[in-house]
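Remarks on the overall topology
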Amino acid sequence: MSKGTIIVTGGSRGIGAATSLLAAERGYAVCINYTSNSERAEQVVASIRSKGGKASAVQADVSDEAAVQSLFETAERELGPLTALVNNAGTTGKIGRLLDLDTKILRSVLDVNILGTILCARQAVRRMSTARGGQGGAIVNVSSRAAQLGSPNEYVHYAASKAAVETFTIGMAKEVATEGIRINCVSPGLVETEIHAAGGDAGRVQRIAGNVPLQRGGQPEEIAKAILWLLSDEASYCVGSILVVSGGR
Ligand code: NAP
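Everything numeric here is computed off the predicted structure, so don't read it as measured data.

**Thoughts on the packing of helix H3 (residues 65–79) against helix H4 (residues 103–128)**
Put simply, H3 and H4 touch, their axes get as near as 10 Å, and they point 40 degrees apart. The angle between H3 and H4 places the two elements in the oblique class. You can see that H3 and H4 cross each other, and the crossing is right-handed. On H4, the residues that touch Glu65, Val68, Gln69, Phe72, Glu73 and Glu76 of H3 are Leu119, Cys120, Arg122, Gln123, Ala124 and Arg127. Residue classes in the contact of H3 with H4 are distributed as 5 nonpolar, 2 polar and 5 charged.

Okay, structure coming up:
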């Protein structure tokens, strides 16, 4: 049964790619957003189409308001009315102490993680709100355990940006709860994706895994399942929830 159209920001790799594939299995037409890696995005599209699903890849930097507007217009034009959004696109910048962090990188992390999440959520609400003639829907924002752990000497700026994502989730969820839209958040722990290598520490998951009560990093698919659950009717009473998926960390 068709569940309508979902946009997964940063759907080309890691947690976003796993979420896109699972969303297709669950009956969504999937818009896979990416910013630079079109090849990886097209691989996810091809995988969904090979199983009979509907998907398309759309390039957009989520921190660019005009690009976000165009992303949502393209997704609805190509795949149909929006019923779900996963605000997954995120970046850490380089690992290290805040004192040494270049302000340009600091600004881009805050822009992508906070502004990008807010711009995309606003576009989705404008389209899905029953108060504006929409059909309702669900949004899941992806934060991080860093929001609570603080990530000293590694990613303090990133942790702060993810705390903003969690607070935004709580407020926005309350603001639109009567408009047919549930907004929730998944807070992953350490997950095996390319984000750690991009931050300059490819071996980070192996290095820290011993601090995780479960003694291992998570797989992107384990986060995707939590995201799809929060989007589903099974989570019908979840509004403004922060679901921690971290192996106990
Ligand atoms: P990843 O493997 O590095 O993938 C990042 C994805 O985001 C890619 O699809 C990338 O697109 C896209 N992206 C980056 N900047 C973007 C922008 N400005 N506009 C649109 N798309 C953009 O990351 P991941 O580890 O799967 O992380 C996904 C989310 O989970 C992030 O929000 C991250 O903070 C959060 N998280 C991750 C972990 C972890 O341990 N992995 C833990 C907690 C939370 P391109 O392919 O085009 O570059």
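Now that the structure is up, let's keep going.
**Quick look at the packing of H4 against helix H6 (residues 156–176)**
Where H4 contacts H6, the two axes come as close as 9 Å, and the packing angle between them is 15 degrees. Relative to H6, H4 is oriented roughly parallel. Viewed along their axes, H4 and H6 form a crossing whose handedness is right-handed. On the side of H4, the interface is formed by Leu106, Val109, Leu110, Asn113, Ile114, Thr117, Ile118, Ala121 and Val125, while H6 contributes His157, Tyr158, Ser161, Lys162, Ala164, Val165, Phe168, Met172 and Val176. Each residue belonging to the contact of H4 with H6 can be placed in one class, and the counts come to 13 nonpolar, 4 polar and 1 charged.

**Overview of the site of the ligand**
Around the ligand lies a shell of 31 residues, among which Ser12, Ser36, Asn88, Tyr158 and Thr193 are the nearest. A distance of 2.8 Å separates an oxygen atom of the ligand from a polar backbone atom of Ile15. Contact between the ligand and Thr35: an oxygen atom at 2.9 Å from a main-chain N or O atom of the residue. Residue assignment for the shell around the ligand shows that the elements contributing at least two residues are helix H1 (14–25), strand S2 (29–34), H6 and helix H7 (195–198).

Procedures and definitions
Residues numbered from 1 in each chain as written. Predicted model: local features only at pLDDT ≥ 70, side-chain atom pairs only at ≥ 80, totals over all residues. Heavy atoms only, no water. Axes fitted to C-alpha atoms, helices over the stretch in contact; angles between N-to-C directions. Helix = DSSP H or I, 4+ residues; strand = E, 2+ residues; numbered from the N terminus. Parallel < 35°, antiparallel > 145°, perpendicular 65-115°, else oblique. Left-handed = near helix turned anticlockwise from the far one by under 90°. Contact = heavy atoms within 4.5 Å. Nonpolar A, V, L, I, M, F, W, Y, C, P; charged D, E, K, R; others polar. Near = heavy atom within 4 Å. Polar contact = N/O pair within 3.5 Å; in protein donor to acceptor, adjacent residues only side chain to side chain.

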